[in-house]
Amino acid sequence: MNYRHAFHAGNFADVIKHAVLARVIDYMKRKDAPFRVIDTHAGTGRYDLASAEAGKTNEWQDGIGRLLQQEARLSVRARELLKPYLEAVSAENGGGVLKRYPGSPRLALRLMRPSDRLVANELHPEDAKALKAAIGKDRRARLLTIDAWAALRAQLPPKERRGLILIDPPFEQPGELDRIREGLTEGLKRFATGTFVAWYPIKDGRQIERWQRTLAAIKADKVLAIDFFLRKPADPERLNGCGLIVVNGPYTLQDELDTLLPELIGVLAEEGRGYFKITDVFSGKSRVEPASPR
Ligand code: SAM
């Protein structure tokens with residue numbers, strides 16, 4: 001386990017993942033009944049953007065740094081949709097300048113209500129220790145330090161019978177895409193009404209398309225693949241974008257993404273080259289849209 005998220009925290013991929021996560025949690029709060037967030041690969045929970053790790057890549061500058069710089073240029077509707085996410089980032093910094101970035105567990109905790117619950121699972125011993133500190137005494141949260149795929153089996157269904165499961169593997173080992181499909185299949189057997197969000201990197205675009213077709217075997221009401229491209233994936237050695245599989249997502253999500261993604265691409269992708277693609281995995285139908293002009 002060599003992957004450390006501290007090198008990448010707040011980069012374009014985190015912005016996309018966390019903005020969507022915040023939209024899903026925001027939707028779940030429309031009903032009074034409590035829900036549970038299960039974060040299978042939780043990371044350390046919060047990241048110091050002045051750390052040696054973050055400074056080595058400075059990826060956050062082209063992610064959350066750029067979004068905050070250009071926020072005022074976004075449409076009113078996009079700013080409204082990003083509000084819960086950006087308020088959580090701001091709260092992490094005490095309302096001041098950007099120094100710290102919330103990982104998925106702290107983002108979830110900032111968005112959750114007193115009755116909602118979080119299970120944050122992290123296998124790396126050092127990262128798990130940092131995560132414990134990041135969760136602190138928050139009684140809504142429980143820390144687990146087991147293998148993510150075992151955690152998924154052990155934690156489902158949640159007792160609230162309402163839940164969001166975030167699957168965010170490091171993609172260090174081959175076969176991670178297959179493990180995501182198996183994890184979703186297993187998870188849905190135990191918790192058919194759960195909302196599952198799984199993240200993946202896009203290097204080789206064709207490999208991703210082949211994999212997405214295999215997801216049609218998943219048993220769920222709705223499976224969407226949301227692909228965000230910094231540029232055309234011509235060079236499969238580069239990180240050309242990232243994607244999210246959303247299973248049983250809110251019915252409001254597509255409409256929100258139609259507003260949000262072109263604007264986020266306009267801010268985060270290579271100028272004039274970014275685009276996004278939304279695929280309904282069951283019908284195989286895709287829609288490709290370019291960035292909004294900067
Ligand atoms: N979800 C976090 C966020 O959005 O802030 C980032 C998570 S990072 C991409 C992936 C994490 O998974 C790393 O912290 C890594 O140590 C952890 N990890 C790797 N393999 C794991 C496994 N088999 N089970 C649980 N955690 C694992």
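Refer to the structure presented above.
Residues numbered from 1 in each chain as written. Predicted model: local features only at pLDDT ≥ 70, side-chain atom pairs only at ≥ 80, totals over all residues. Heavy atoms only, no water.

As for the packing of helix 1 (residues 12-28) against helix 4 (residues 76-92)
Basically, it comes down to this: Inter-axis angles, ranging from 0 to 180 degrees, are taken between N-to-C directions of lines fitted to C-alpha atoms, where helices are fitted over the stretch in contact. By the criteria applied, helices consist of DSSP H or I runs no shorter than four residues and strands consist of E runs no shorter than two, each listed in order from the N terminus. Note that the term roughly parallel is reserved for angles under 35 degrees, roughly antiparallel for angles over 145, roughly perpendicular for angles of 65 to 115, and oblique for everything else. For this analysis, residues touch if any pair of their heavy atoms sits within 4.5 Å. Charged means Asp, Glu, Lys or Arg here, nonpolar means Ala, Val, Leu, Ile, Met, Phe, Trp, Tyr, Cys or Pro, and polar covers whatever is left, Gly included.
Closest axis-to-axis distance for the helix 1/helix 4 pair is 8 Å, and the angle between their directions is 95°. Compared by their axis directions, helix 1 and helix 4 come out roughly perpendicular. Residues Asp-14, Val-15, His-18, Ala-19, Ala-22, Arg-23 and Asp-26 of helix 1 lie in contact with helix 4, whose contacting residues are Glu-80, Leu-81, Leu-82, Pro-84 and Tyr-85. Along the lines of polarity and charge, the residues of the contact of helix 1 with helix 4 split into 7 nonpolar, 1 polar and 4 charged.

Regarding the site of the ligand
We apply this condition: Throughout this document, a residue counts as near a molecule or strand when at least one of its heavy atoms sits within 4 Å of that molecule or strand. Polar contact is defined as a pair of N or O atoms within 3.5 Å, subject to the rule that within protein one atom must be able to donate a hydrogen and the other to accept it, and that residues adjacent in sequence are counted only when both atoms are side-chain atoms. Every accessible area reported is derived by Shrake-Rupley at a probe size of 1.4 Å, with residue values counting cover from the shown protein chains alone.
The environment of the ligand is made up of 21 residues, and the closest members are His-18, Glu-122, Asp-147, Ala-148 and Asp-168. At 3.4 Å, a backbone N or O of Leu-123 approaches a nitrogen atom of the ligand. Taking Asp-168, its side chain carries an N or O atom lying 2.7 Å from a nitrogen atom of the ligand. Notes on the ligand: free accessible area 600 Å², of which the protein chains cover 95%. Class assignment of the residues belonging to the shell around the ligand gives a composition of 7 nonpolar, 9 polar and 5 charged.

Comments concerning the side chain of Arg-36
Applicable threshold: Under the scheme applied here, a residue whose accessible area is under 20% of the maximum for its type counts as buried, over 50% as exposed, and between as partly exposed, the area being computed with a 1.4 Å probe on protein chains only.
Within the fold, Arg-36 resides in strand 1 (residues 36-39). Residue Arg-36 is classed as buried on the basis of its relative accessible area of 13%. Look past the residues within four positions of Arg-36 in its chain and what remains in contact with it is Arg-117, Val-119, Pro-158, Lys-159, Glu-160, Arg-162, Gly-163 and Leu-164.

Observations concerning the pairing of strand 10 (residues 275-280)
Walk down a regular strand and you will see the side chains alternate between the two sheet faces. Just so we agree on the cut-off: Between any two strands, at least two bridges found by DSSP are needed for them to pair.
The buried fraction of strand 10 amounts to 5 of the 6 residues, a majority that puts the element mostly inside the structure. Here strand 8 (residues 223-229) runs beside strand 10; their pairing, made up of 6 bridges, is antiparallel. Pairing of Phe-228 across the sheet is with Phe-276, part of strand 10. The sheet contact formed by strand 10 and strand 11 (residues 285-290) spans 6 bridges and is antiparallel. Bridged to Lys-277 within strand 11 is Val-288. Connecting the antiparallel pair strand 10 and strand 11 is a turn made up of 4 residues, with Gly-284 showing a positive phi of about 80°.

Quick look at the sheet that holds strand 4 (residues 117-121)
Taken together, the 9 strands give an open sheet; going across it, the order is 5-4-1-6-7-9-8-10-11, and neighbouring strands pair in mixed fashion. Unpaired on one side and paired on the other, strand 5 (141-144) and strand 11 mark the two borders of the sheet. Each neighbouring strand pair of the sheet contributes to a mean axis angle of 15°, computed without reference to strand direction. Note that strand 8 and strand 9 (residues 241-247) share 7 bridges and pair antiparallel. Bridged to Asp-227 within strand 9 is Gly-243. The strands touched by helix 1 are strand 1, strand 6 (163-167), strand 7 (195-202), strand 8 and strand 9; relative to strand 9, the strand with the most contacts, the crossing angle is about 20°.

No statement about biological role is implied by the geometric values presented.
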